[in-house]
Amino acid sequence: MELITTRIKGMEDVVPSEVHKWQTVESVAADVAENYGFREIRIPTFENTELFVRSVGETTDVVQKEMFTVMGRESKFTLRPEGTAGTIRAVLQNGLLNEALPQKVFYILSCFRHEKPQAGRLWEFHQFGAEMAGSASPAADAEMISMANSVIEKLGLKDIELHINSIGCPHCRAEYYKKLREFFEPNKDKLCPTCQSRLEKNPMRILDCKSEICKEIGKDAPLMIDYLCDECKEHFETLKKYLDEMGIKYSIDPKIVRGLDYYTKTVFEFITTSIGAQGTVCGGGRYDGLIEEMGGNPTPALGFAMGLERLIMTMEKQGCEFISPRECDIYIGSMGDAAGIKAASLVKALRDEGYRAEWDVMGRGVKAQMKYANKIGSAFSMILGDNELAEGKAKLKNMKSGEETEIALDSSFIDNFANIHTADMLASEL
Ligand code: HAM
């Protein structure tokens, strides 16, 4: 029985009483993205495994240890571990780079990574992300960082630190990799088996390893920022000027390497201390080589993604406001078949006008119906019986104040209810 009544670890349900928190984050993020001129894109949940191996990189933890890969009839597919690879695939496949540049898209989607589940780290999690293709200018980096910052501000989050770094381009990385290999060589045998193989192929990945031993060995490793070529240095300096002018506070963290291989030049993370160890709520950066690597014309690009679970956890911890869930406007109770039919028709008319209205579909007695109206937090209630039908009027009760108003059940009902409802809303706003 347990197998069908227990969800898989690392996965979460969002129950109805919590869903307004998700709706808050998703609507704020989408609104900000649209203000910045980004349009929504929707992509498939799984892609050919090769897409992630080629873009995220074969020496990353994501590809080596964390992908959920399923066997189709003839080939392997992978549940997306992130949104960038699939989005860029879709941008290329649908010819979106032939439209006006920069091409700017955003997405809200689920991702899957087989990591050790803990608070803020799940097997299935959700990202709001944005990608911009076509601009090599540091102005675009500033624009992306500013947009992520706006989402964080609009959600009401406080004390989120922005850390930035530059991890250079293939040109300046060659020299840096040489230095890194020299640094790790004496301790090569102590590195975890994965990092031993990374030493030759991609030594910067060792700096991102989750093993405590590799972290300790790498703690004084040379830093990429000290080996930047003139172009990368200039790019980073100009970005800092933009951020200073825009009043966006940041600190330079030369230890950020990011866990995905496609990054070049600027990388950044927004970090909170409110939710424990998994405090990175947003990560992103430039990936100027990815589009070409995926078979497109060389096109600079960049983006970021935020973890929605982590954003919501931080909002809860910090007492941020969520959009209130919409409650019932009116419950129409009834006694007897004829009154039930009248209740059904009034409720239908109210709903057609946009009100949240409910009636008894359980065949309950009046007392139980009123208990239900209370439980669902209905703003108004009304009970119909033979007398009300005969007289053509009923008592509309304000459930908070207890005040009762007589209301006709004829064609004036909706307009009269609308006036009383609006007056009540205005009074509660005062
Ligand atoms: P990422 O840093 O791997 O970057 O993930 C972005 C965000 O997703 C993280 O900062 C975190 O908030 C959330 N996240 C990651 N893994 C988990 C997990 N297992 N459980 C819960 N939340 C998680 C990317 O995915 C890049 N595609 C971002 C990007 C877009 N770069 C350029 N464009």
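Refer to the structure presented above.
Residues numbered from 1 in each chain as written. Predicted model: local features only at pLDDT ≥ 70, side-chain atom pairs only at ≥ 80, totals over all residues. Heavy atoms only, no water.

Caption draft 1: Up close: helix α2 (residues 19–35). Here α2 contains 17 residues, and its C-alpha end-to-end distance of 24 Å stays within 8% of the 24 Å for a straight helix at 1.5 Å per residue. Taken as a whole, α2 has its buried residues at H20, K21, W22, T24, V25, V28, A29, A30, V32 and A33. Of the surrounding secondary structure, the elements contacted by the buried residues of α2 are β5 (103–112), β6 (124–133), α6 (138–154) and α12 (308–318). Following α2 by one or two positions, G37 has its phi on the positive side, about 85°. (Helix = DSSP H or I, 4+ residues; strand = E, 2+ residues; numbered from the N terminus. Expected span 1.5 Å × (residues − 1). Buried < 20%, exposed > 50% of the residue type's maximum accessible area, 1.4 Å probe, protein only. Contact = heavy atoms within 4.5 Å.)

Caption draft 2: Region of the structure containing the packing of aromatic side chains. One pass over the full model with this rule turns up 14 aromatic pairs. Where Y355 meets F417, the ring centres are 5.2 Å apart and the plane angle is 80°; that geometry is what we call edge-to-face. Residue Y355 is located in the loop between α13 (337–352) and β13 (357–359), and its partner F417 is located in helix α16 (residues 413–429); the two are separated by 62 residues in the primary sequence. Three or more aromatic residues link up through ring pairs in this structure, and these residues are Y355, F380, F413 and F417. (Phe/Tyr/Trp six-rings, centres within 6.5 Å; stacked < 30°, edge-to-face > 60°.)

Caption draft 3: Quick look at the site of the ligand. Around the ligand sit 27 residues in total, of which E82, T84, E115, E131 and Y263 are the nearest. Between the ligand and the protein, one listed contact pairs a nitrogen atom with a side-chain N or O atom of E82 at 2.6 Å. A distance of 3.2 Å separates an oxygen atom of the ligand from a polar atom in the backbone of G307. Every element with two or more residues in the shell around the ligand is listed here: β6, β10 (280–286) and β11 (301–307). Considering every element that reaches the shell around the ligand, the biggest residue donor is β10, with six residues. Residues that form the shell around the ligand fall into these classes: eleven nonpolar, nine polar and seven charged. (Near = heavy atom within 4 Å. Polar contact = N/O pair within 3.5 Å; in protein donor to acceptor, adjacent residues only side chain to side chain. Nonpolar A, V, L, I, M, F, W, Y, C, P; charged D, E, K, R; others polar.)

Caption draft 4: View of the packing of α13 against α16. Contact pair α13 / α16: the axes reach a minimum separation of 10 Å and the direction vectors enclose 60°. It follows that α13 is oblique to α16 by the angle criterion. In the packing of α13 onto α16, the handedness of the crossing is right-handed. Across from L346, A349 and L350 in α13, the residues of α16 making contact are F413, I414 and F417. (Axes fitted to C-alpha atoms, helices over the stretch in contact; angles between N-to-C directions. Parallel < 35°, antiparallel > 145°, perpendicular 65-115°, else oblique. Left-handed = near helix turned anticlockwise from the far one by under 90°.)

Caption draft 5: Geometry of the sheet that holds strand β3 (residues 69–71). Ordered in space as β2-β4-β3, the three strands form an open sheet in which the pairing is antiparallel. Edge positions in the sheet fall to β2 (46–48) and β3, since each has one partner strand and no second. Mean inter-strand twist for the sheet, computed between neighbouring axes without regard to direction, equals 35°. Pairing analysis gives three bridges linking β2 to strand β4 (residues 76–79), with the strands arranged antiparallel. In the sheet register, F46 faces β4, and the bridge partner there is L79. (Pairing = 2+ DSSP bridges.)

Caption draft 6: Quick look at the packing of α2 against α6. Axis separation between α2 and α6 bottoms out at 9 Å; the angle between their running directions is 140°. Put simply, α2 runs oblique to α6. Of the two possible hands of crossing, α2 and α6 adopt the one that is right-handed. For the pair α2 and α6, contact is made by V28, A29, V32 and A33 and by M147, S150, V151 and K154, respectively. Classifying every residue of the contact of α2 with α6 gives six nonpolar, one polar and one charged.

Caption draft 7: View of the pairing of β11. Burial runs high along β11: seven of the seven residues are buried. Here β11 shows two buried faces, one formed by A301, G303, A305 and G307 and the other by L302, F304 and M306. Note that β6 and β11 share seven bridges and pair antiparallel. Bridging across to β11, Q127 finds its partner in G307. Relative to β11, β10 runs antiparallel, the two being bridged by five bridges. Each bridged residue has a counterpart across the sheet, and for G283 the counterpart in β11 is A305.

Caption draft 8: The arrangement of the sheet that holds strand β8 (residues 251–252) in detail. Across the sheet, eight strands lie side by side as β1-β5-β6-β11-β10-β9-β7-β8; this open sheet has mixed pairing. Strand pairing shows two members of the sheet lacking a second neighbour, β1 (39–40) and β8, which therefore form its edges.

Caption draft 9: Here's a closer look at a nonpolar patch on the surface. Among the surface-exposed residues, M1, L3 and I4 lie close enough to one another that they form a single nonpolar patch of about 470 Å² accessible area. Topologically, I4 is positioned in helix α1 (residues 2–5). (Patch = residues over 30% accessible without salt bridge, like charges linked within 9 Å, V, L, I, M, F, W, Y side chains within 5 Å. Areas by Shrake-Rupley, 256 points an atom, 1.4 Å probe, with all protein chains shown as cover. Salt bridge = Lys/Arg side-chain N within 4 Å of Asp/Glu carboxyl O.)

Caption draft 10: Region of interest: the side chain of K265. Locating K265 in the fold gives a position in strand β9 (residues 264–271). Overall, K265 belongs to the buried group, its relative accessible area being 8%. In this structure the side chain of K265 is engaged in a polar contact, spanning 2.7 Å, whose partner is the side chain of E231. For K265, the contacting residues outside a window of four places in its chain are N165, S166, I167, G168, E231, C232, H235, R286 and D288.

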